[in-house]
Amino acid sequence: ERLFAEHGYDGVGMRALADEAGVNLGATTYHYGSKEKLYIETFMRRFRPINAARVELLRQVEEEAAGQTVSVEKIVDCMLRPPFLDALAHPHFLALLARNLFMPPPFMRELLLKEVAPANEPFVAALARSLPNLPPEVLWLRNMFAAGALLTFAGHLGKIPRPISGEPQFIEFALKELVRFISAGFRSQPGSPVSMKLPLLFPP
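Let me begin by describing the structure that accompanies this report.

Here we look at the overall build of the chain
Part 1: Along the backbone of the chain there are 10 helices and 0 strands.
Part 2: Secondary structure elements in the chain, listed N-terminal to C-terminal, are α-α-α-α-α-α-α-α-α-α.
Part 3: Counting over 204 residues, the chain shows a buried share of 42%.
Part 4: Looking at the chain alone, contacts between residues at least 24 apart form 77% of all its contacts between residues at least 6 apart.
Part 5: Accessible surface for the chain amounts to roughly 11500 Å². Of this, 59% is attributable to carbon and sulfur atoms.

Okay, structure coming up:
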């Protein structure tokens, strides 16, 4: 995870990965077959559980709402909390996530299209119920902005002195401020009427 995050898929070979892990190269090939499969497994082992946790939090919040409209803040908190906390625990995965979202290896593009859109659809749908005046295209676009804000902040966590960044009070404060910031962006009105489909990275 660290080597792929630091050097990218093309920047590290199977031998270097095996040496760093302290395992035999033949065993690595036996278990994964290829570097491509190893890369996918390295990414998905955190990516899928994070998305499952996000969806489960949203499900719980909507169940507690008992048919009432869920606030934008609660939806955004469900969307951000699992990846935010995971970024604290596994900072190298954050860099790997950024690589795959913004400059993925060619073989990851189709896989990401299959994984990312379904993982975000429940949140865009929930936001559409809370913000019925906003077109779906705008909600999808702002969902991408939200991911960018999360990645940017999490990427700067390492620059905050550890005694502060590791404090539960700071973590919760920072998360709540991020939720407030992104929620305000979701609530704002579009600058002009949207009359066309926007070219989104992960369209609905």
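Anyway, onward from the coordinates.
Overview of the nonpolar core
Part 1: Membership of the largest hydrophobic core comes to 30 residues, with the highest contact counts inside it found for Val 76, Leu 80, Ile 182 and Phe 186.
Part 2: Those elements that place two or more of their residues in this core are helix 4 (35-65), helix 5 (72-89), helix 7 (106-130), helix 8 (136-156) and helix 10 (168-187).
Part 3: Setting aside residues no more than four positions away along its own chain, Ile 182 makes contact with Val 76, Leu 80, Ala 146 and Ala 149.
Part 4: Formed by 27 residues, the second largest nonpolar core is a distinct cluster that contains Leu 96, Leu 112, Leu 151 and Ala 154.

Some details on the layout of surface pockets
Part 1: Approximately 540 Å³ is the volume found for the largest pocket.
Part 2: Forming the walls of the largest pocket are 28 residues, and the residues nearest its centre are Arg 54, Leu 97, Leu 101, Asn 120 and Ala 147.
Part 3: Elements with a contribution of two residues or more to the lining of the largest pocket: helix 4, helix 5, helix 6 (91-102), helix 7 and helix 8.
Part 4: Classifying every residue of the lining of the largest pocket gives 22 nonpolar, 4 polar and 2 charged.
Part 5: In this structure, the second largest pocket occupies an estimated 340 Å³ of space.

A word on unusual backbone geometry
Part 1: Unlike most non-glycine residues, Ala 66 shows phi in positive territory, near 50°.
Part 2: Looking at the secondary structure, you find Ala 66 in the loop between helix 4 and helix 5.
Part 3: The exposure class assigned to Ala 66 is exposed, which follows from its relative accessible area of 63%.

As for the environment of Leu 80
Part 1: Within the fold, Leu 80 resides in helix 5.
Part 2: Residue classification places Leu 80 among the buried positions, given a relative accessible area of 3%.
Part 3: Leu 80 sits 99 residues away from Val 179 along the chain, and the two C-alpha atoms are 7.6 Å apart.
Part 4: Among all residues touching Leu 80, those that are not within four sequence positions of it are Leu 150, Leu 175, Leu 178, Val 179 and Ile 182.

Some remarks on the packing of aromatic side chains
Centre distance and the angle of the planes are the two values used to describe a pair of aromatic rings.
Part 1: Per the stated rule, a full pass over the model turns up 8 aromatic pairs.
Part 2: With centroids separated by 5.7 Å and ring planes inclined at 5°, the aromatic side chains of Phe 84 and Phe 153 adopt a geometry described as stacked. Placement of Phe 84 in helix 5 and of Phe 153 in helix 8 is noted, with a sequence separation of 69 residues between them.
Part 3: For Phe 153, a relative accessible area of 24% translates into the label partly exposed.

Examining the packing of helix 4 against helix 6
Part 1: Where helix 4 contacts helix 6, the two axes come as close as 11 Å, and the packing angle between them is 100°. Considering the angle they form, helix 4 stands roughly perpendicular to helix 6. Facing helix 4, whose interface residues are Tyr 39, Thr 42, Phe 43, Arg 46, Phe 47 and Ile 50, helix 6 presents Phe 93, Leu 96, Leu 97 and Asn 100.
Part 2: Residue classes in the contact of helix 4 with helix 6 are distributed as 7 nonpolar, 2 polar and 1 charged.

Rules behind the numbers
Residues numbered from 1 in each chain as written. Predicted model: local features only at pLDDT ≥ 70, side-chain atom pairs only at ≥ 80, totals over all residues. Heavy atoms only, no water. Helix = DSSP H or I, 4+ residues; strand = E, 2+ residues; numbered from the N terminus. Buried < 20%, exposed > 50% of the residue type's maximum accessible area, 1.4 Å probe, protein only. Contact = heavy atoms within 4.5 Å. Areas by Shrake-Rupley, 256 points an atom, 1.4 Å probe, with all protein chains shown as cover. Core = buried A, V, L, I, M, F, W, Y, C linked by side-chain atoms within 4.5 Å. 1 Å grid on protein atoms, 1.4 Å probe; cavity = no way out; pocket = protein on both sides within 12 Å on 5 of 7 lines; lining within 4 Å. Points joined across faces, edges and corners; volume = space filled by probe spheres on them. Nonpolar A, V, L, I, M, F, W, Y, C, P; charged D, E, K, R; others polar. Phe/Tyr/Trp six-rings, centres within 6.5 Å; stacked < 30°, edge-to-face > 60°. Axes fitted to C-alpha atoms, helices over the stretch in contact; angles between N-to-C directions. Parallel < 35°, antiparallel > 145°, perpendicular 65-115°, else oblique.

These figures capture arrangement, not role.
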